[in-house]
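# Observations on the model geometry
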Amino acid sequence: MSLLFSPLRIRSVDFRNRLWVSPMCMYSAVDGVAQEWHHTHLVQFASGGAGLIIAEATAVVPEGRISPRDLGLWDDEQRDALVPIVQAIHDRGAHAGIQLAHAGRKASTWWPWAPERGSVPAADGGWTTSAPSAIAFDGFDEPVALDLAGIDRVVDAFASAARRATDAGFDVLEVHGAHGYLLHQFLSPLSNLRGDEYGGSLENRARLLLRVVDAVREAAGADVPLFVRISATDHADGGFTPEEAAIVGDWAAQRGADLIDVSSGGLVAHQRISVFPGYQVPLAETVRQGGRIPVSAVGLITAAAQAEQVLSEGAADAIFAGREWLRDPHFALRAAHELDAEIVWPPQYERARLR
């Protein structure tokens, strides 16, 4: 039996398989509100057999958006626009998740296909960013260091967004603590030079992430699976390490997290990454073994046999993919066909199941 297409139960949710869609920014929202693009983009993966589809990094406050075109979940209009998307995913047999995020010093930037680069000026709709310390990401404007009241507001914003997400019907919540965004900025000694209880030791640097986990778990209730995405290494000397990631994963589990979504990088422009198929899988394995919490693997996982091998070797409990789903929105149907796995196909697609 294929492990990739075996079910997985986390809290009250039974996932039909372990081949999931990573959150991928679309830069197509208007004032944080999902558009028709988001509906078509996300729901197609449910028809394509995905077990779980996580909507893109969704800002918990306006100033937490990566770009002015990001999704948001700080008001009810944004929540209501997501309801029909969630329902359509459910109607096609998949589960829906959403990634709650704050971009910190990497906020207020131009979207990828804009002709400009760097920070968006205030005259063009940009804003002042915040971070653990007043250290700019290379090429971006200098942020303002958050004071203690500002940190409390961030925690409250994650909790409020979590309540809106569950009200919209999302089955899974993911806290974004990776890719150089705010919670990752606190975790890494390269971006966190604070001298208070949020800086210095690993315990202090992880304090904000763990407070957010506490707040989101309380807001979501006991039945909703809670994932945490982390960058298990900064790919830079003196940065966050896989061993620290395993410890933080264990701490998050003790606070109510159910799975660590293991990625890497994004904190500094001088990172050095060796990219190859499955290049982040060893990081997932380190966190899984050291942190004693289920993990997912991601990173150039593009083939059915490759994904199956990651699971069979015990490196991860589930697979997230991103670009491969963009290339083939029916990745799971194709993978099941290649692995000769018995899954339920949409009846409209049954003719393609035949050999």
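The preceding data block contains the structure.
For the structure given in this document, a descriptive report is provided here. (Residues numbered from 1 in each chain as written. Predicted model: local features only at pLDDT ≥ 70, side-chain atom pairs only at ≥ 80, totals over all residues. Heavy atoms only, no water.)

### Regarding the layout of surface pockets
- Roughly 1,300 Å³ of volume is contained in the largest pocket.
- Forming the walls of the largest pocket are 45 residues, and the residues nearest its centre are Pro23, Tyr27, His179, Tyr181 and Arg323.
- Elements supplying a minimum of two residues to the lining of the largest pocket: β12 (318-321) and α10 (323-327).
- Here the lining of the largest pocket takes four residues from α10, the largest share from any one element.
- When grouped by side-chain class, the residues that make up the lining of the largest pocket number 23 nonpolar, 15 polar and seven charged.
- Estimated volume of the second largest pocket: approximately 300 Å³.
- The wall of the second largest pocket is formed by 17 residues, among which Arg16, Arg92, Val344, Trp345 and Pro346 lie closest to the centre. (1 Å grid on protein atoms, 1.4 Å probe; cavity = no way out; pocket = protein on both sides within 12 Å on 5 of 7 lines; lining within 4 Å. Points joined across faces, edges and corners; volume = space filled by probe spheres on them. Helix = DSSP H or I, 4+ residues; strand = E, 2+ residues; numbered from the N terminus. Nonpolar A, V, L, I, M, F, W, Y, C, P; charged D, E, K, R; others polar.)

### Regarding unusual backbone geometry
- Here the phi dihedral of Asp31 falls at roughly 55 degrees; this positive angle occurs in a residue that is not glycine.
- Counting through the fold element by element, Asp31 comes out in the loop between β3 (19-21) and α1 (36-47).
- Residue class for Asp31 comes out exposed when judged on its relative accessible area of 59%.
- Its identity is not glycine, yet Leu300 carries a phi of approximately 55 degrees, on the positive side. (Buried < 20%, exposed > 50% of the residue type's maximum accessible area, 1.4 Å probe, protein only.)

### Topic: the pairing of strand β10 (residues 259-263)
- Most of β10 is tucked away: five of the five residues are buried.
- Because side chains alternate across β10, one face comprises the buried residues Leu259, Asp261 and Ser263, and the other comprises Ile260 and Val262, equally buried.
- In terms of strand pairing, β10 meets strand β11 (residues 295-297) through three bridges, oriented parallel. Within the sheet, the bridge partner assigned to Ile260 lies in β11 and is Val295.
- Taking the sense of rotation as the criterion, the β-α-β connection linking β10, helix α8 (residues 281-291) and β11 turns out right-handed. (Pairing = 2+ DSSP bridges. Right-handed = clockwise from strand over helix to strand, strands pointing away.)

### What to know about helix α6 (residues 207-220)
- If you check α6, its first and last C-alpha atoms are 20 Å apart, about what 14 residues at 1.5 Å a residue would give, namely 20 Å.
- Among the residues of α6, Leu208, Leu209, Leu210, Val212, Val213, Ala215, Val216, Arg217, Ala219 and Ala220 are the ones counted as buried.
- On its buried face, α6 is in contact with α3 (148-167), β8 (172-177), α4 (182-187), β9 (226-231) and α7 (242-254).
- Count one or two residues on from α6 and you reach Gly221, which has phi positive near 90 degrees. (Expected span 1.5 Å × (residues − 1). Contact = heavy atoms within 4.5 Å.)

### Examining the pairing of strand β4 (residues 52-59)
- Summarising burial for β4: eight of the eight residues are buried, a large majority.
- Crossover handedness for the path β4 to helix α2 (residues 76-91) to strand β5 (residues 95-101): right-handed.

### Comments concerning the environment of Asp167
- Along the chain, the position of Asp167 falls in helix α3.
- A relative accessible area of 54% places Asp167 in the exposed class.
- Through-space distance from the C-alpha of Asp167 to that of Ala220 is 9.3 Å; in sequence the pair is 53 residues apart.

### Quick word on the packing of α1 against α2
- Two elements in contact, α1 and α2, have axes whose closest approach is 9 Å; the angle formed by their N-to-C orientations is 20 degrees. By the angle between their axes, α1 is roughly parallel relative to α2. Where α1 crosses over α2, the two elements pack in a sense that is right-handed. Contacts between α1 and α2 pair His38, His39, Leu42, Val43 and Ala46 from the former with Pro84, Ile85, Ala88 and Ile89 from the latter.
- Split by residue class, the contact of α1 with α2 holds seven nonpolar, two polar and no charged. (Axes fitted to C-alpha atoms, helices over the stretch in contact; angles between N-to-C directions. Parallel < 35°, antiparallel > 145°, perpendicular 65-115°, else oblique. Left-handed = near helix turned anticlockwise from the far one by under 90°.)

### Looking at α8
- Along α8, the positions that sit buried rather than exposed are Val281, Leu283, Ala284, Val287 and Gly291. Down the axis of α8, the smallest arc covering the buried residues is 160 degrees, so these residues share one side.
- Buried residues along α8 sit in contact with α7, β10, β11 and α9 (304-312).
- At the exit of α8 stands Arg292, carrying a positive phi of roughly 55 degrees. (Arc of directions from axis to C-beta.)

### Structural notes on the packing of aromatic side chains
- Under the counting rule described, the total for this entry stands at 10 aromatic pairs.
- Seen from their ring centres, Phe15 and Trp20 are 4.9 Å apart, and the 45 degrees between their planes marks the pair as tilted. Each member of the pair, Phe15 as well as Trp20, carries the same accessibility label: buried.
- Ring centres of Phe45 and Trp325 lie 5.7 Å apart, and the angle between their planes is 70 degrees; this geometry places the pair in the edge-to-face category. Of this pair, Phe45 sits in helix α1 while Trp325 sits in helix α10, placing them 280 residues apart in sequence. Per residue, the accessibility class of Phe45 equals that of Trp325, and both read buried.
- Through a chain of ring-to-ring contacts, the aromatic side chains of Phe15, Trp20, Phe227 and Phe320 assemble into a single cluster. (Phe/Tyr/Trp six-rings, centres within 6.5 Å; stacked < 30°, edge-to-face > 60°.)

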